[in-house]
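Notes for the structure review
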Amino acid sequence: MSRTINWFKYSSPASFYPLAGRLIPWFAALAAVLTLLGLYLGFFVAPTDYKQGEGYRIMFVHVPAAWMSMFIYVVMAIYAGMGLVFNTRLSSLMASALAPTGALFTFLALWTGALWGKPMWGTWWVWDARLTSELILLFLYIGFMSLKAAIDDRRRAARASGLLAIIGVINVPIIYKSVEWWNTLHQGASISFTSGTSMEATMLASILVMGLAFWMYTIVVVLARVRCEILEAERDAEWVAAELGKVR
Amino acid sequence: MNWGSAREFFAMGGYAFYVWGSYGVTALFLIGEVVLVVARKRTITQRLGRRIRMRLEVNNEAQT
């Protein structure tokens, strides 16, 4: 090998800050294009559902939001775990940057679920396994953020909240499997890794494109937020002075 | 094409409240989050920038 790549280079806040800044516009453009494409597919290409009429179109925000709520939690817990094990500064900042967006998507999954449940099931809410475990996910995000904010010492705050994030990961497979393990009002997975899908192709495409759009959106806001976290954590560093000294 | 007219589109087959309630709140929150993050970035840059310039001025005065 002629050249070794220093994989840890970008784990330092000082070099990740400008990298994140350069990546944001690209992911923002991707997010915008995918959102427009997803909405077009979801409203104009996907046909009317034979059972639920036009009401089923809530699915194109509901399912991607629910996916992101779980996915972001897992990524957040991985960063929190890396922070605990390797003591890398960027990891705990990334976990902090991910939490609000994860909480937002969890709320949106619950909100759109309620608006879908009312016309189809006749109720906004039931205490069934899927809905309850998703609500617990929201509480885990809120708990993570409050715990981090409640402890003044940055290192201790990162350690305590990191531990909470890791323990809370148990909830994610419970959410995912809840529709199989318990008798729930919530329908089973329409898209499955093992048994394929039980859905019209254009409906599936709409969900997947909206899912990708939400994913790109998440990358944009999380990179922007982690830049804020980095500045606050490194406020006394030389490079921050060089970066901000010129800002009026 | 699913819709004969714009009115039909917005009516969503009678599910307008539920469908637009879902998409509307989602759009509102996602845009709102972007606005909040941008505002936070601006506040931090201004505050830290002021601090840094203040420190520089103190250093300059000490030297003269």
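In this text the structure is predicted, and so the values were computed from the model without any measurement.

Assigned secondary structure in chain A consists of eight helices and two strands. Listed N to C, the secondary structure of chain A is α-α-α-α-α-α-β-β-α-α in terms of helices and strands. Looking at chain A as a whole, 41% of its 248 residues are labelled buried. Within chain A, contacts between residues separated by at least 24 positions form 76% of all contacts whose residues are at least 6 apart in sequence.

Across its full length, chain B carries two helices and zero strands. A globule of 64 residues ought to have a C-alpha radius of gyration of about 11 Å, yet chain B, at 25 Å, is considerably larger. Each principal axis of the C-alpha distribution contributes one length, and for chain B these read about 80 × 20 × 15 Å. Put simply, chain B has 64 residues, and 17% of those count as buried.

The next thing to look at is unusual backbone geometry. Even without being glycine, asparagine 87 of chain A reaches a positive phi, approximately 60°. Relative to the elements of secondary structure, asparagine 87 of chain A occurs in the loop between helix H2 (59-86) and helix H3 (89-121). Here the phi dihedral of methionine 12 of chain B falls at roughly 50°; this positive angle occurs in a residue that is not glycine. By the element assignment, methionine 12 of chain B lies in the loop between helix H1 (6-11) and helix H2 (16-63).

Moving on to the nonpolar core. For soluble globular proteins, nonpolar side chains are generally found buried alongside one another. Ile58, Ala65, Met76, Met94, Ala95, Leu98 and Val226 of chain A are the most contacted members of the largest nonpolar core, which has 72 residues in total. Sorting the residues of this core by element identifies helix H1 (13-45), H2, H3, helix H4 (129-150), helix H7 (201-233) and helix H8 (238-244) of chain A together with H2 of chain B as the ones contributing at least two each. Ignoring anything within four residues of it in the chain, the contact list for methionine 76 of chain A reads Ala95, Leu98, Ala99, Gly102 and Ala165 of chain A.

A separate point is the interface of chain B and chain A. With 25 residues of chain B at the interface, the matching set in chain A holds 33 residues. For the side of chain B that touches chain A, a count of residues per class yields 14 nonpolar, seven polar and four charged.

Moving on, we get to the confidence of the model for chain B. For chain B, the mean per-residue pLDDT works out to 90, and 97% of the residues sit at or above 70. The ipTM value of the predicted complex is 0.89, and its pTM value is 0.91.

Attention now goes to the environment of tyrosine 56 of chain A. Turning to its location among the elements, tyrosine 56 of chain A is positioned in the loop between H1 and H2. Along the primary structure tyrosine 56 of chain A and tryptophan 116 of chain A are separated by 60 residues, whereas in three dimensions their C-alpha atoms are 7.6 Å apart.

With that out of the way, let us pick up H2 of chain A. For an α-helix, the turn length of 3.6 residues means that residues three or four places apart are oriented alike. For H2 of chain A, which comprises 28 residues, the first-to-last C-alpha distance of 40 Å matches the rise-based estimate of 40 Å (1.5 Å per residue) to within 8%. Where H2 of chain A terminates, the next one or two residues include asparagine 87 of chain A, which has phi positive at roughly 60°.

Their axes nearest at 9 Å, the elements H3 of chain A and H2 of chain B cross at an angle of 170°. By the angle between their directions, the pair H3 of chain A and H2 of chain B is classed as roughly antiparallel. Here H3 of chain A contributes Thr101, Leu104, Leu108, Trp111, Thr112, Leu115, Trp116, Lys118 and Pro119 of chain A to the contact with H2 of chain B, which in turn contributes Tyr18, Gly21, Ser22, Val25, Thr26, Phe29 and Glu33 of chain B. For the contact of H3 of chain A with H2 of chain B, the per-class residue count stands at nine nonpolar, five polar and two charged.

Turning our attention to the environment of valine 33 of chain A. All names here are of chain A. For valine 33, the position within the fold is in helix H1. The partly exposed category is assigned to valine 33, around which 13 C-beta atoms lie within 10 Å. Counting along the chain gives 17 residues from valine 33 to phenylalanine 16, while the straight-line C-alpha distance between them is 26 Å.

What follows deals with H4 of chain A. When the terminal C-alpha atoms of H4 of chain A are compared, their 31 Å separation across 22 residues agrees well with the 32 Å that a helix rising 1.5 Å per residue should span. In this structure, the buried residues of H4 of chain A make contact with H2, H3, helix H5 (154-168) and helix H6 (171-181) of chain A.

Here we take up the environment of threonine 26 of chain B. Here threonine 26 of chain B is to be found in helix H2. Among the residues examined, threonine 26 of chain B registers 25 C-beta atoms within 10 Å and is labelled buried.

All names here are of chain A. The interhelical angle for the contact between H2 and H3, taken along N-to-C directions, is 160°, at an axis separation of 7 Å. Here H2 lies roughly antiparallel to H3, going by the angle between them. Where H2 crosses over H3, the handedness of that crossing is left-handed. Taken together, the residues of the contact of H2 with H3 sort by class into 19 nonpolar, ten polar and no charged.

Calculation criteria
Residues numbered from 1 in each chain as written. Chains lettered and ligands numbered in written order. Predicted model: local features only at pLDDT ≥ 70, side-chain atom pairs only at ≥ 80, totals over all residues. Helix = DSSP H or I, 4+ residues; strand = E, 2+ residues; numbered from the N terminus. Buried ≥ 20, exposed ≤ 12 C-beta atoms within 10 Å, placed from the backbone. Contact = placed C-beta atoms within 7 Å. Rg over C-alpha atoms; globule rule 2.2 N^0.38 Å. Core = buried A, V, L, I, M, F, W, Y, C linked by C-beta atoms within 7 Å. Nonpolar A, V, L, I, M, F, W, Y, C, P; charged D, E, K, R; others polar. pLDDT = per-residue confidence, 0-100. Expected span 1.5 Å × (residues − 1). Axes fitted to C-alpha atoms, helices over the stretch in contact; angles between N-to-C directions. Parallel < 35°, antiparallel > 145°, perpendicular 65-115°, else oblique. Left-handed = near helix turned anticlockwise from the far one by under 90°.

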